[in-house]
Amino acid sequence: MPRSLKSSVDYRWQTLDFYAQDDYKITSRLTLNYGLRSSLFIPMDERDNIYSAVDLKKPNPAAGNLLGTYIFAGVDGQSKRLDPVKNSVNRLAPRVGLAWKLSNRVVVRSGYGMSFFPTGAFGSGNNVFLTDGYDPTSAVATSDNGLSPGMTFAGGFPKDKILTRSLTPAYGIGTPFSYWSVYAQEVAQMHSWNLSTQYQLGPNLAVDLAYVGTKGTHLSSLENINQLNPSYLSLGSTLLNSRIDAPATVAAGYKSPWPGFAAALGANATLAQSLRPYPQYLSGFGYNSDNNGNSKYHALQAKLERRMSAGLYLLMGYTWSKSITDANTTLYSVPGNNPTGSGRVRDQYNRHLDKSVASAWQPNVLTSAVVYELPFGPGKRWLSAGGIGGRLTGGWRLGGILTYRSGALISVTAPQNLPLFAGPNYATTVLGVEQKGSWSGNFDPAIHRYLNGAAFTLPAPGTFGTGGQFLPNLRGPKYMNENLSLSKRCPASTTLSAQRQLFLPEFLMWDWRG
């Protein structure tokens, strides 16, 4: 029966922003807008110093002074803010915009802006798990396979089984660990720019055409800093998976990284474990502090808007885009989302393998909203008489929101058999072979295969797959969502009115994904 001593934590951080902006009218047709934001990011601390992490640059006296040791707030000279993330960060974000009225019907706009966003050490993400050493779990088990109890309520929990807090460098050796990355003091940065033209087609009708681009740097990902270097694959899986004190390992000239390694790591005391960057630990979590991800986004956008006229309002938008990143791993940056603890970077030593289309990328998105006032009732074309009849027939509106977009991304994985403690593996793509299955028109899962299996192979022995995390040119079935509504405006008086909206029956609503 376990007994857990849980701490109530109160992490605190601050972001202070100062902003100035001005508009300057250069001519009657040309206006310049410019501004500057100053952001001060103050890193987190904990009200009662219940806060710990591994300092990757500090020697560990409990592990032969290898780099990497747990540090604890308020212990051994640590302040409330741990050394790897003790400094505040200030960033300046300029922005500028230009509006040029070419004629009474045409306006050109352009702009550029820089933005900064907090990362893990500055409050982003879920960091309530940074309490290693403070919350020991005590356990007691029956000694005869359940014939007699391990404890009773009358006797209470055995005092000799109760664990106390362990706030020493020896804590965590041989287990997964929490750390602040060497990139933890970076905040995410986003550059954004755009160029658009608005053309008035008529008194109530306008069209917008725009190019939009963004570039992200220092984005949070989930690295695997304790992955074994692939250069050791030449030793072979058999030797790498052998114990550090096995005769074959000793004959090959390898020895323990420190004298207590075999005892501390137990069954994990293999040659592969001894060659990891931090052999005293298993896999680690950086809590949104592996801030060296990048992204790019380019899009062409079109918008058509008809303001309410003759009872009709229409808004339609279309986006054609491409988004690429090597930071598709943010959602895995807490233990609950990544229980295996192996990380989600495929190969820590070749981050180019993680460059792929972004997980949220939708290359084609068409959305439209329409409202039509039915031509019945007072002031309308038909049944314009007042009285009770006018109240019943007037004020009705038909509305719709229609969304059509590209299908979901497809990922082709492969077994991860490399003895490297690496992230997931993906298939190797065969160049020149069509990835789509041999079907056309409507896909029928009963008779068709969506993918062409000949376009993918298992990675060669001792290698990672060459395919990206997602296929860039093939997606799942398209998504179509169509919602219609019928509403009525009911005048309560000459100055007040109420509106009741009725959704059409379910058989008149569509949600298609193929």
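The following refers to the structure shown. Since this is a predicted model, take the numbers as computed values, not measurements.

**Description of the overall build of the protein chain**
Moving on, step 1. Across its full length, the protein chain holds five helices and 24 strands.
Moving on, step 2. Taking 24 Å as the expected radius of gyration for a compact globule of 514 residues, we find that the protein chain reaches 31 Å, considerably beyond that expectation.
Moving on, step 3. Judged by the C-alpha coordinates and their principal axes, the protein chain covers about 95 × 65 × 60 Å.
Moving on, step 4. Counting the 514 residues in the protein chain, one finds 39% classified as buried.
Moving on, step 5. Once local pairs closer than 6 in sequence are excluded, the contacts in the protein chain between residues at least 24 apart make up 72%.
Moving on, step 6. Accessible surface, the protein chain: about 27800 Å² in total, of which carbon and sulfur atoms supply 58%.

**Observations regarding the environment of Thr217**
Moving on, step 1. By the secondary structure assignment, Thr217 is in strand β11 (residues 205–221).
Moving on, step 2. Between the C-alpha atom of Thr217 and that of Ile42, which follows or precedes it by 175 residues, the distance is 20 Å.

**Side note on the environment of Phe443**
Moving on, step 1. With respect to the helices, strands and loops of the structure, Phe443 is situated in the loop between β20 (428–429) and β21 (456–457).
Moving on, step 2. Here Phe443 is in contact with His448, Arg449 and Tyr450, once residues within four sequence places are set aside.

**What about the packing of aromatic side chains?**
Moving on, step 1. Applying the stated criterion across every chain yields a total of 14 aromatic pairs.
Moving on, step 2. Plain terms: the ring middles of Phe41 and Phe122 are 6.1 Å apart, the flat faces sit at 65° to each other, and that makes the pair edge-to-face. Taken as a pair, Phe41 in strand β3 (residues 30–46) and Phe122 in the loop between β7 (106–117) and β8 (137–139) lie far apart in primary sequence, 81 residues in all. Neither Phe41 nor Phe122 differs from the other in exposure class; each is buried.
Moving on, step 3. Residues Tyr70 and Tyr171 carry aromatic rings whose centres are separated by 5.2 Å and whose planes lie at 80° to one another, so their mutual orientation is edge-to-face. Taken together, the residues span a long stretch of sequence, with Tyr70 in strand β5 (residues 66–72) and Tyr171 in the loop between β8 and β9 (177–178) at a distance of 101 residues.
Moving on, step 4. Three or more aromatic residues joined by ring pairs make a cluster, and in this case those are Tyr70, Phe72, Tyr134, Tyr171, Phe177, Tyr179, Tyr278 and Tyr281.
Moving on, step 5. For Arg405, the ring lying beneath its charged end belongs to Tyr479, and the centroid distance is 3.9 Å.
Moving on, step 6. Between the NZ or CZ atom of Lys436 and the centre of the ring of Trp439, over which it lies, the distance is 4.3 Å.

Criteria and cut-off values
Every chain is numbered on its own, with residues counted from 1 as its sequence reads. Owing to the predicted nature of the model, reporting of local features is limited to residues with pLDDT of at least 70; listing and counting of side-chain atom pairs is limited to 80 or more, with chain, interface and lining totals taken over all residues. Hydrogens and water are ignored here; the side-chain numbers use all heavy atoms of the structure. By the criteria applied, helices consist of DSSP H or I runs no shorter than four residues and strands consist of E runs no shorter than two, each listed in order from the N terminus. Only the C-alpha atoms count toward the radius of gyration. The rule for a globule is 2.2 Å times the residue count to the power 0.38. Here the term buried applies to any residue with accessible area under 20% of the maximum for its type, exposed to any over 50%, and partly exposed to those in between, with areas from a 1.4 Å probe on protein chains only. Any pair of residues with heavy atoms lying within 4.5 Å of one another is described as a contacting pair. Here the Shrake-Rupley method, with its probe set to 1.4 Å, supplies the accessible areas, and only the displayed protein chains count as covering residues. To pair, rings of Phe, Tyr and Trp, with the six-membered ring standing in for Trp, must have centres within 6.5 Å; the planes then decide the type, stacked if under 30 degrees apart, edge-to-face if over 60, and tilted in the middle. Sitting over a ring, as applied to charges here, requires NZ of Lys or CZ of Arg to be within 6 Å of the ring centre and within 35 degrees of the ring normal.

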